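A structural walkthrough
Given next are the chains, with one letter for each unit.
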Amino acid sequence: MEDAEGYLRKAQAASLLVSENGDDVSQYHASIHWHARESLAILGELTEGIDRGEISLHYQPKICLQTGTIAGAEALMRWHHRERGMISPGDFIPRAEQSTLIHTLTAFALDQALQQAAEWHGLGIRIPIAINVSPRNLLQPGFCEAVLAAMKRTGATTDMLELEVTENVLMTDIERVAVELQQLAGHGIKIAIDDFGAGYSSLTYLYRLPVTHLKVDKSFVQGLAEEEVSAHIVEAVVSMARKIGIKTIAEGVETEVVYERLRDLGCDVAQGFFIAKPMPAAEFERWYRNWRGRPQLTT
Ligand code: C2E
Ligand code: CA
Ligand code: CA
């Protein structure tokens, strides 16, 4: 006979898989045990990882396609685990999002990014930094106040911050999310919808939420070179966004062909490996100083 603790462990393993896969129901079977243990182990180490200074932010530039100027940077989290090596955010953020740990991670990203923005501002690097925010953060009471407190602590101003939220945010409590985002936008913080077009797109939120930017999902951007349908989609998004006063950012720009195409289509901003990969702060600073308005002219 299995004891109560054994059942509980199996239920916990199955529920972890449910949340990671986005399913409604999952049944326990032996093969998921390893997976669940691995997940729990990583989550257990994450807090320690922050304390040990293993988590950092890398910065990837965004370029204004019409002028070639640097429009901002996106902060992307990196975990240099002392034994496991580099762990990609895709392997720990979705897991952290299923627990309250995501609040710790977002608070960390916010502090680091704002501190960096304020420091860069002093050095003449006057660009906003975007951080990724999970739906769960926006449902946490007092999120806006926490953002403002982080600004005060770091000496940053609201024009230095952008928040990127994915469309999943709409599958949660849209009323509460809208109130929180309105409050943030009221302070001048810019809001981007990330991975636009990849999920459960609904155009209603474009007027219900104070969105300033749409980040066109990389699947459409990368299809631009070969598929005419991707070009039509990007063109339609750019034109619609422009008419309602929203700027478009294309992510995942990997080639010159795509970069040029986006500019011709009237897209506002580009981000991707063709311009630069996400870099540690010091490397970003060097890159910034060497930028000459065109990707191939950088050193
Ligand atoms: P995302 O917000 O869509 O970020 C863009 C991802 O695309 C990043 O992956 C970036 O390194 C990658 N990327 C940039 N340029 C290119 C390109 O030209 N081609 C391709 N194929 N990929 C490109 P990364 O850094 O592994 O992050 C993955 C995801 O993890 C992010 O997707 C975001 O959802 C999440 N994430 C990263 N940092 C944070 C964070 O601080 N907080 C939260 N909540 N999520 C984060
Ligand atoms: Ca993002
Ligand atoms: Ca994205």
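Now for a look at the structure at hand. In this text the structure is predicted, and so the values were computed from the model without any measurement.

Conventions and cut-offs
Residues numbered from 1 in each chain as written. Chains lettered and ligands numbered in written order. Predicted model: local features only at pLDDT ≥ 70, side-chain atom pairs only at ≥ 80, totals over all residues. Heavy atoms only, no water. Helix = DSSP H or I, 4+ residues; strand = E, 2+ residues; numbered from the N terminus. Buried < 20%, exposed > 50% of the residue type's maximum accessible area, 1.4 Å probe, protein only. Contact = heavy atoms within 4.5 Å. Areas by Shrake-Rupley, 256 points an atom, 1.4 Å probe, with all protein chains shown as cover. Core = buried A, V, L, I, M, F, W, Y, C linked by side-chain atoms within 4.5 Å. Domains from an automatic or database assignment. Phe/Tyr/Trp six-rings, centres within 6.5 Å; stacked < 30°, edge-to-face > 60°. Lys NZ or Arg CZ within 6 Å of the ring centre and 35° of its normal. Donors = N, O, S within 2.8 Å, 3.2 Å for Na, K, Ca; no water. Near = heavy atom within 4 Å. Polar contact = N/O pair within 3.5 Å; in protein donor to acceptor, adjacent residues only side chain to side chain. Expected span 1.5 Å × (residues − 1).

Turning to the overall build of the protein chain, a few remarks are in order. Counting its regular elements, the protein chain contains 12 helices and 9 strands. Burial status across the protein chain gives 48% buried among its 299 residues. In the protein chain, once contacts between residues fewer than 6 apart in sequence are set aside, the share between residues at least 24 apart is 66%. For the protein chain, the computed accessible surface area is about 14,600 Å², with 53% contributed by carbon and sulfur atoms.

Counting 86 residues, the largest nonpolar core has Leu184, Leu262 and Trp287 as its most contacted members. Residue contributions to this core peak at 11 residues, all from helix α4 (residues 101–122). Per-domain counts for this core show at least three residues from each of domain 1 (1–52) and domain 2 (56–290). Non-local contacts of Leu184, meaning those with residues more than four positions away in its chain, are made with Leu138, Phe143, Cys144, Val147, Leu163, Ile189 and Ile191.

Turning to the packing of aromatic side chains, a few remarks are in order. By convention here, two paired aromatic rings are described through the distance between centres and the angle between planes. In the structure shown here, the tally under the stated rule is 8 aromatic pairs. One aromatic cluster in this structure is built from Tyr59, Trp120, Phe284, Trp287, Tyr288 and Trp291. Across from the ring centre of Phe273, 5.0 Å away, lies the NZ or CZ of Lys277, which sits over that ring.

This part takes up the coordination of the calcium ion (ligand 3). The protein atoms that coordinate the calcium ion (ligand 3) are Asp194 (OD), Asp195 (OD), Glu251 (OE) and Glu251 (OE), at distances of 2.2 to 2.6 Å. All donors of the calcium ion (ligand 3) come from a single chain, and their spacing in sequence reads D-D-x55-E. Between the two metals, the calcium ion (ligand 3) and the calcium ion (ligand 2), the spacing is 4.1 Å, and Asp194 donates to both. Here Asp195 is found in strand β6 (residues 190–196), whereas its partner Glu251 is found in the loop between β8 (247–250) and α11 (256–265), with 56 residues between them in sequence.

The environment of ligand 1 is formed by 20 residues, the closest being Gln60, Arg78, Asp194, Glu254 and Phe273. In the environment of ligand 1, an oxygen atom lies 3.3 Å from a nitrogen or oxygen atom belonging to the side chain of Glu74. Taking Met77, its main chain carries an N or O atom lying 3.0 Å from a nitrogen atom of ligand 1. When ligand 1 sits alone it has 800 Å² of accessible area, and the protein chains cover 81% of it.

With that out of the way, let us pick up the side chain of Asn137. As for its position among the elements, Asn137 is in helix α5 (residues 135–138). Setting aside residues up to four positions removed in sequence, Asn137 forms contacts with Ile102, His103, Thr106 and Phe143.

Further remarks concern helix α7 (residues 174–186). An ideal rise of 1.5 Å per residue puts 18 Å on 13 residues; α7 measures up with 18 Å between its terminal C-alpha atoms. Every buried residue of α7 is listed here: Ile174, Val177, Ala178, Glu180, Leu181 and Leu184. Looking at the packing, one finds that the buried side of α7 touches α5, α6 (143–154), β5 (161–166), β6 and α8 (205–208). Following α7 by one or two positions, Gly188 has its phi on the positive side, about 90 degrees.

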